[in-house]
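Below, each chain spelled out in residue letters.
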Amino acid sequence: MSNMKLVGVAKEVAENYRETLATLTFNNKIVINTLTEIAKENMKYASVVVGVIEERLRKVESDKMLPLMYLIDSICKNHGGPYKELFQQNLVSNFAYIFQQVNEKALSKKDKTKATQVRGLLYKLRLTWGDRYQVFTDQKLYQLDKKIRTIDPAWPVTVPKDRPQTGVPSTKIHVNPAFVGKTPPIELPKVDEDETEKMRAELLRKEKELIQLKQQQIDMQIQEYKQKMAQVTYRLTVTTWTVIFCLFITEININLLNVSM
């Protein structure tokens, strides 16, 4: 992606998606769902979205890689092609990269335990891609298993099964295994270019309203702070004049005593 020279709308899509993707630092359901829907809105630029995700996967720290794999899982299961075909191209290398990185970065006993847990989660995720799920082809998953076996000899290898090609697409809706039990997103009908622009404009309007709301909250906090400061200043002023008055009375009394003597 970094070597691709994007222009026009494609460049805008990449920049906007990259900015939102930066907020995915842990397995956050809201952020993953948001990024999944943005990917759907930009189906026309699927290769750009895929490139941005894979680019970030190679740059982030090892503890931020698993959420990216969950995002890939969510996009492929909920929106299918062309995302499934695009992500499948580098699936083996990306999966193996994460699998290896989480272990190599683990130095302490605690980190090694966490790395083992992450590898276990990767295995659970991989189990939801083949067989009856058909997220990725059995042949590609077989290649993935063999690759991971070279890293971890204990990794099971699933040999592809011969299955009849019915040509009928799966009607099941799959969800991220980390969110099993949640209501799966409903597949919406395709929209044309004008409707996409309207949706984008509506999204920008809502973002603007959110910014305005936050600004109002900040203004209210500033106003409350000013009121508190005014009260503190008033109390300090009253206290200061009280002290001055007491000193003045004391000085008068001393002068009167001196005169009488």
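Everything numeric here is computed off the predicted structure, so don't read it as measured data.

**Student:** How would you sum up the nonpolar core? Please name residues and give values.
**Tutor:** Ranked by internal contacts, the top residues of the largest apolar core, which has 49 residues, are Tyr17, Ile53, Leu71, Phe87 and Trp129. Among the elements of the structure, α1 (8-21), α2 (29-41), α3 (46-57), α4 (65-79), α5 (83-89), α6 (91-104), α7 (109-127) and α8 (138-151) are those that each provide at least two residues to this core. Top contributing element to this core by residue count: α4, with nine residues. Once residues within four sequence positions are removed from consideration, Tyr17 is found in contact with Leu35, Ile38, Ala39, Val49, Val52, Ile53, Leu71 and Ile75.

**Student:** An account of α7 is requested, with residue identities and associated values reported.
**Tutor:** Because each turn of an α-helix spans 3.6 residues, side chains separated by three or four positions end up pointing in the same direction. Taking 1.5 Å of rise per residue, 19 residues should cover 27 Å, and α7 covers 27 Å from first to last C-alpha, within 8% of that figure. Here α7 has its buried residues at Ala115, Val118, Arg119, Leu122, Leu125 and Arg126. Looking straight down α7, one finds its buried side chains confined to an arc of 115 degrees; they lie on one side. Opposite the buried face of α7, at more than 90 degrees from it, the exposed residues are Lys109, Lys110, Thr116, Gln117 and Lys124.

**Student:** Any details on the environment of Leu24? Residues and values, ideally.
**Tutor:** Examined against the element boundaries, Leu24 turns out to sit in the loop between α1 and α2. C-alpha separation for the pair Leu24 and Met65, spaced 41 residues apart in sequence, amounts to 9.7 Å. Filtering out sequence-adjacent residues up to four positions away, Leu24 remains in contact with Val31, Ile32, Leu35, Arg56, Pro67, Leu68 and Leu71.

**Student:** Before we move on, could you go through the packing of aromatic side chains and cite the residues and values that matter?
**Tutor:** Applying the stated criterion across every chain yields a total of six aromatic pairs. Between Phe99 and Trp155, the ring centres sit 5.3 Å apart and the planes meet at 85 degrees, which makes this aromatic pair edge-to-face. Residue Phe99 is located in helix α6, and its partner Trp155 is located in the loop between α8 and α9 (193-260); the two are separated by 56 residues in the primary sequence. Accessibility expressed as a relative area gives 4% for Trp155, which makes it buried. Ring centres of Trp129 and Phe136 lie 5.2 Å apart, and the angle between their planes is 85 degrees; this geometry places the pair in the edge-to-face category. Residue Phe136 is classed as buried on the basis of its relative accessible area, which comes to 3%. Feature note: the residues Phe95, Phe99, Tyr123, Trp129, Phe136 and Trp155 constitute an aromatic cluster, connected by ring pairs. We note Arg58 situated over the ring of Tyr97; from NZ or CZ to the ring centre the distance is 4.3 Å.

The rules behind each value
Residues numbered from 1 in each chain as written. Predicted model: local features only at pLDDT ≥ 70, side-chain atom pairs only at ≥ 80, totals over all residues. Heavy atoms only, no water. Core = buried A, V, L, I, M, F, W, Y, C linked by side-chain atoms within 4.5 Å. Buried < 20%, exposed > 50% of the residue type's maximum accessible area, 1.4 Å probe, protein only. Helix = DSSP H or I, 4+ residues; strand = E, 2+ residues; numbered from the N terminus. Contact = heavy atoms within 4.5 Å. Expected span 1.5 Å × (residues − 1). Arc of directions from axis to C-beta. Phe/Tyr/Trp six-rings, centres within 6.5 Å; stacked < 30°, edge-to-face > 60°. Lys NZ or Arg CZ within 6 Å of the ring centre and 35° of its normal.

So, to be careful, I would describe these as geometric facts and stop short of saying anything about function.
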